[in-house]
Amino acid sequence: MHVCNGKREEPWRGLFSSLISGVAATIAMSMFQRAWSAPRRRRAPSKKNSDAFVGCSGTQPRDVETTRMLVDRIADLGGLKFSDAASAETALVLHYGIGAAGGYTYRFFRNVALPRFNKEHPLLTGAAFGVALFLTADLAVLPLLGFSNKGSRSPLGTPFYGISSHVVYGVTAAATCNLAGKFL
C-alpha cells in the first residue's frame, strides 16, 4: 500500500485505474487519428505518400496499422511468418496491450516524476507524458526495430501528427486515471 493524494491506496486499485486509463487513452488516440485522416482517405493515394499497408482493412485505425508493421518486423526478425489474419489480430492485441501498459507508465510518471506539478496541472502532466511517450517511441524504439524514417511510410507519419496523437493519449490517460481513481 502507498499514499497517493493524502490517502492510502490499495495497489490493485492503482493497477486497475491505470489499465482503464490506458485502454481509454488508446481508444481516444485511435479516434483522433481516424478523424485526422478522414480528409486524406477521400483522396486517392499517390506513390509519394501511399501507406505501407494498402492491403489493410480501411476500418483499422492507423495506429493499429503501425502496430501491424511492428508485428511483421518482429516476426521477420524471429524468422516467423504470420498469415494476414493472424498478423492483424496480433497487431490489435498488441496495440491495446501497449496502450494498457502505457496507462500504468503514465501513473508511474505522474506519481514519481511530476507529483507536485500533477496536483496542480493533471492534464498538462498527461500532455507532457504524451510528448515523452512519442519521443521515446519515435527516437528510440522505432529506430531500434529498423524504422528509421517513419514519416516516409505513411502520409500521416509527420512529427506534428505523432506528437498530437500522443498528447491526446496522455491527456485522456490523465483524465481517465483521475476519474477512475475517484470511483475505486
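The coordinates are above.
Residues numbered from 1 in each chain as written. Predicted model: local features only at pLDDT ≥ 70, side-chain atom pairs only at ≥ 80, totals over all residues. Heavy atoms only, no water.

Chemist: Before we go on, may I ask you to explain the overall build of the chain in this structure?
Modeler: When you go through the chain residue by residue, the secondary structure sums to 6 helices and 2 strands. Listed N to C, the secondary structure of the chain is β-β-α-α-α-α-α-α in terms of helices and strands. Residues classed as buried in the chain amount to 36% of the 184 residues present. Across the chain, every contact between residues at least 6 apart in sequence was considered, and the portion connecting residues at least 24 apart equals 72%. Total accessible area computed for the chain in this model is approximately 10,700 Å², and 65% of it derives from carbon and sulfur atoms. (Helix = DSSP H or I, 4+ residues; strand = E, 2+ residues; numbered from the N terminus. Buried < 20%, exposed > 50% of the residue type's maximum accessible area, 1.4 Å probe, protein only. Contact = heavy atoms within 4.5 Å. Areas by Shrake-Rupley, 256 points an atom, 1.4 Å probe, with all protein chains shown as cover.)

Chemist: In this structure, what is going on with the nonpolar core? I would like to understand it.
Modeler: Nonpolar side chains in soluble globular proteins tend to be buried together. Of all hydrophobic cores here, the largest spans 9 residues; its members are Ala25, Met29, Tyr106, Phe109, Phe129, Tyr169, Ala173, Ala174 and Cys177. Where this core is concerned, the elements lending two or more residues are helix H1 (11–42), helix H3 (84–113) and helix H6 (159–183). In this structure, Ala174 is in contact with Tyr106, Pro122, Leu123 and Gly126, ignoring residues within four places of it in sequence. (Core = buried A, V, L, I, M, F, W, Y, C linked by side-chain atoms within 4.5 Å.)

Chemist: Before we go on, may I ask you to explain the packing of helix H5 (residues 122–144) against H6 in this structure?
Modeler: In a pair of packed helices, the angle between the axes and the distance between the axes together describe the arrangement. Taken N-terminus to C-terminus, the directions of H5 and H6 make an angle of 140 degrees; their axes are 7 Å apart at the nearest point. Considering their axes alone, H5 and H6 lie oblique with respect to each other. For the pair H5 and H6, the crossing hand works out as right-handed. In this structure, H5 contributes Pro122, Leu123, Gly126, Ala127, Phe129, Gly130, Val131, Leu133 and Phe134 to the contact, and H6 contributes Pro159, Gly162, Ile163, His166, Val167, Tyr169, Gly170, Val171, Ala174, Ala175 and Asn178. (Axes fitted to C-alpha atoms, helices over the stretch in contact; angles between N-to-C directions. Parallel < 35°, antiparallel > 145°, perpendicular 65-115°, else oblique. Left-handed = near helix turned anticlockwise from the far one by under 90°.)

Chemist: Which parts of the structure should I look at to understand the packing of H3 against H5?
Modeler: Their axes nearest at 10 Å, the elements H3 and H5 cross at an angle of 120 degrees. Considering their axes alone, H3 and H5 lie oblique with respect to each other. For the crossing formed where H3 meets H5, the hand is right-handed. Here Gly102, Thr105, Tyr106, Phe109 and Arg110 of H3 come into contact with H5, specifically with Pro122, Thr125, Gly126, Ala128 and Phe129.

Chemist: What exactly am I supposed to notice about H3 here?
Modeler: Helical periodicity: at 3.6 residues per turn, an α-helix aligns residues three or four positions apart in one direction. Between the first and last C-alpha of H3 there are 41 Å, a value that for 30 residues agrees with the 44 Å anticipated at 1.5 Å per step. The complete set of buried residues in H3 reads Ser87, Ala88, Ala91, His95, Gly99, Ala100, Gly102, Gly103, Tyr106, Arg107, Phe109 and Arg110. (Expected span 1.5 Å × (residues − 1).)

Chemist: Could you clarify how one ought to interpret a nonpolar patch on the surface in this entry?
Modeler: Taken together, the side chains of Trp12, Phe16, Ile20 and Leu184 make up a nonpolar region of the molecular surface, amounting to roughly 370 Å² of accessible area. Within the secondary structure, Phe16 is located in helix H1. A relative accessible area of 43% places Phe16 in the partly exposed class. (Patch = residues over 30% accessible without salt bridge, like charges linked within 9 Å, V, L, I, M, F, W, Y side chains within 5 Å. Salt bridge = Lys/Arg side-chain N within 4 Å of Asp/Glu carboxyl O.)

Chemist: Just checking my understanding: could you explain the packing of aromatic side chains for this structure?
Modeler: Given two aromatic rings, one states the distance between the centres and the angle between the planes to describe the pair. Inspection of every chain in the model, using the stated rule, returns 6 aromatic pairs. Judged by centre distance (5.6 Å) and plane angle (55 degrees), the rings of Phe32 and Trp36 are tilted. Of the two residues, Phe32 and Trp36 both sit in helix H1, 4 residues apart, roughly one turn of that helix. Take Phe32: its relative accessible area is 24%, and that puts it in the partly exposed class. Look at Phe109 and Phe129: their rings are 5.4 Å apart centre to centre, the planes differ by 55 degrees, and that puts the pair in the tilted class. Placement of the pair is Phe109 in helix H3 and Phe129 in helix H5, with a sequence separation of 20 residues. Taken together, Phe32, Trp36, Phe160 and Tyr161 form an aromatic cluster joined through their ring pairs. (Phe/Tyr/Trp six-rings, centres within 6.5 Å; stacked < 30°, edge-to-face > 60°.)

Chemist: I would appreciate a short explanation of the side chain of Ser87 in the present structure.
Modeler: Structurally, Ser87 can be placed in helix H3. Look past the residues within four positions of Ser87 in its chain and what remains in contact with it is Arg68, Val71, Asp72 and Phe82.

Chemist: Looking at this model, I keep getting lost on H5. Mind explaining?
Modeler: Taking 1.5 Å of rise per residue, the 23 residues of H5 would be expected to cover 33 Å, and the 32 Å separating its terminal C-alpha atoms lies within 8% of that figure. Of all bends in H5, the biggest is about 35 degrees, found at Ala137. (Bend = angle between axes of the 7 residues up to and from the residue.)

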